[in-house]
Each structure stands twice: as structure tokens, then as C-alpha cells.
Amino acid sequence: MATRAFRGNHFAVFPEKLVIPCILSGSRIGDTVLDPFMGSGTTAAAARRLQRRFIGCELNRSYLDLQHLR
């Protein structure tokens, strides 16, 4: 699945349609989703849209602004 265009400085933003099936198959409403490589926050945005809590980890502090844009 191809990466998606994103108005931020991140080289590999993937589409939500890649993570949505994973979130739906591995969690229920109200569960917590963990993303150990948060990047631009695609998984966080999808998790919130699907009524899940979210925990994300990211080593690159410059991606914080990208995550807040989502």
C-alpha cells in the first residue's frame, strides 16, 4: 500500500485504511491502542476516530508538531 501525501516533514506517512482493519480486529471500543513508532500520528487519529484510547512513542521530537496537526 502506498504512502500518502502529508503537509508535513515526514517521509513515509501511511494511509488510515492500512491501520483501521488492524485496530478493528485487535481491539474493542474503549480499548487502548499502542503505536511504538508514532511518526505523524496516523494510528492515533484512526484510533480516536474508532473510539479507542491511544498511547504513542516516538524518538524524533520534530514529529510532535505533525502529530498535533492530526
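Here is a short report on the structure shown in this document. (Residues numbered from 1 in each chain as written. Predicted model: local features only at pLDDT ≥ 70, side-chain atom pairs only at ≥ 80, totals over all residues. Heavy atoms only, no water.)

1. Here we look at the overall build of the protein
Part 1 of the argument: The helix and strand inventory of the protein stands at three helices and two strands.
Part 2 of the argument: Taken from the N to the C terminus, the helices and strands of the protein come in the order α-β-α-β-α.
Part 3 of the argument: For the protein, with 70 residues in total, the buried portion stands at 34%.
Part 4 of the argument: Approximately 5200 Å² of the protein is accessible, and the part contributed by carbon and sulfur atoms is 55%. (Helix = DSSP H or I, 4+ residues; strand = E, 2+ residues; numbered from the N terminus. Buried < 20%, exposed > 50% of the residue type's maximum accessible area, 1.4 Å probe, protein only. Areas by Shrake-Rupley, 256 points an atom, 1.4 Å probe, with all protein chains shown as cover.)

2. So, the environment of R61
Part 1 of the argument: Within the fold, R61 resides in the loop between β2 (53-56) and α3 (64-69).
Part 2 of the argument: In sequence terms R61 and G39 are 22 residues apart; their C-alpha atoms lie 9.5 Å from each other.

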